[in-house]
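Breakdown of the fold
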Amino acid sequence: MTPWYAPTNFSAWRRRLLSPRAVVLALALAALASTELRFDWAEKALGTYLVTTNPFRPQSGAIWEQGQKAHSARQTLAEYAIQQQNVQREARQAGSLSQVIATISQEKGAMISAEHFLALYLKLPPVLSSEIMSPYELLNFSNTGTWQRTFIEKQDNHLLIYLLDTQNQVVHRLSMGPDLIGHIERGEVAVRSSLDQLSDFAAYIYPAERFFRALSTLPAEVRKRIVAHPEDLLRVTGRIGRVGISDGDLGDAVDLGFEVDGPDGPKVILMQGVRDDVLRLRRTLETGSSSRWPWSGEGDR
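Residues numbered from 1 in each chain as written. Predicted model: local features only at pLDDT ≥ 70, side-chain atom pairs only at ≥ 80, totals over all residues. Heavy atoms only, no water.

Quick word on the overall build of the protein
Defined as follows: In this description a helix means any DSSP run of H or I spanning at least four residues, a strand means any run of E spanning at least two, and both kinds are numbered starting from the N terminus. Think of it in three bands: residues with accessible area under 20% of the maximum for their type are buried, residues over 50% are exposed, and the middle band is partly exposed, with areas taken using a 1.4 Å probe on protein chains only. The contact criterion used is simple: two residues touch if any of their non-hydrogen atoms lie within 4.5 Å. Accessible surface area values rest on a Shrake-Rupley calculation with a 1.4 Å probe, where residue burial reflects the displayed protein chains alone.
Per the secondary structure count, the protein includes 13 helices and 9 strands. Here the protein holds 301 residues, and 34% of them are scored as buried. In the protein, once contacts between residues fewer than 6 apart in sequence are set aside, the share between residues at least 24 apart is 53%. As presented, the protein carries roughly 19,000 Å² of accessible surface, and 55% of it is formed by carbon and sulfur atoms.

Rendered as structure tokens:
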């Protein structure tokens, strides 16, 4: 049964389709479609709505989880990049090799220039720097011009040093053991303690006046092998009261401890001297005799 309001013929259909209301509605729909295709306002409005309601929707679903993983990864990478930048900055500003060692960890190495590493190498006492690398060998690499930068990293208890060229190819590789690392770290810092509290020095402690008086009688080259950098002691604030000589050694090196009476209590400045020369000086301080001089360079065991 045909509804009573349905057109009964083609003319009635045409009049209804071309009525002002139908034409306005068709034009409105066409305008909406064309503007959507041109400006994508529907998608933008829907996106704005979703962003506005996002905090109120449950945080679940594969897309949300993937986004969370991506955000966490970006955050981790950013933190790692910042840490690396901090490590590199501290390494480039380091004034001693021990400061460079302190900036790096098992996971992060440090890159410094060849000139910076050479400057840090020259600050070490000769008995320690020669344990790292022969100065003649280092002079060879420095003079060729291929060595441009130095990468330093920790691996287990060792310190690995790579001399690199401009393409980051390894020119030479060095390895430092834990004992040598410990000597370098101790040799460039002051210990907040007295000589009596350091077991290495307890057996051989002398008044500073007596030690320096005996030291001043030696030839210049011998004094240099015992106290390589006397300028460091001149910069110390406070009076050096006592000097200790370690009863242990590392290869050709022996620790010397200079006890300073400062406003904050005693502290010990640690240095290293050549073993044979230091032992001869210690024998002289013990016996009060210089009969074994002149210093022939042979070992005094």
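Okay, back to it.
Remarks on a nonpolar patch on the surface
For the record, the criterion: Only residues above 30% relative accessible area that lack a salt bridge enter a patch, with like-charged residues linked at up to 9 Å and the nonpolar side chains Val, Leu, Ile, Met, Phe, Trp and Tyr linked at up to 5 Å. A carboxyl oxygen of Asp or Glu within 4 Å of a side-chain nitrogen of Lys or Arg is what we treat as a salt bridge.
Together, Leu-25, Leu-29, Leu-32, Phe-39 and Trp-41 give the surface a local cluster of nonpolar side chains, amounting to about 530 Å² of exposed area. It is helix α2 (residues 20-39) that provides the largest number of residues to the nonpolar patch, a total of 4 residues. Exposure remark for Leu-32: the relative accessible area of 44% places this residue in the partly exposed category.

Section: the pattern of salt bridges
A full pass over the atoms with the stated rule returns 6 salt bridges. With its nearest N and O atoms 3.8 Å apart, the salt bridge here joins Arg-213 to Glu-209. Within this pair, Arg-213 and its partner Glu-209 are both found in helix α10 (residues 208-216), separated by 4 residues, close to a single helical turn. Since its relative accessible area comes to 49%, Arg-213 is described here as partly exposed. Residue Glu-209 is classed as exposed on the basis of its relative accessible area of 59%. Arg-242 is paired through a salt bridge with Glu-259; the nearest N and O atoms lie 3.0 Å apart. Placement of Arg-242 in strand β7 (residues 239-245) and of Glu-259 in strand β8 (residues 253-262) is noted, with a sequence separation of 17 residues between them.

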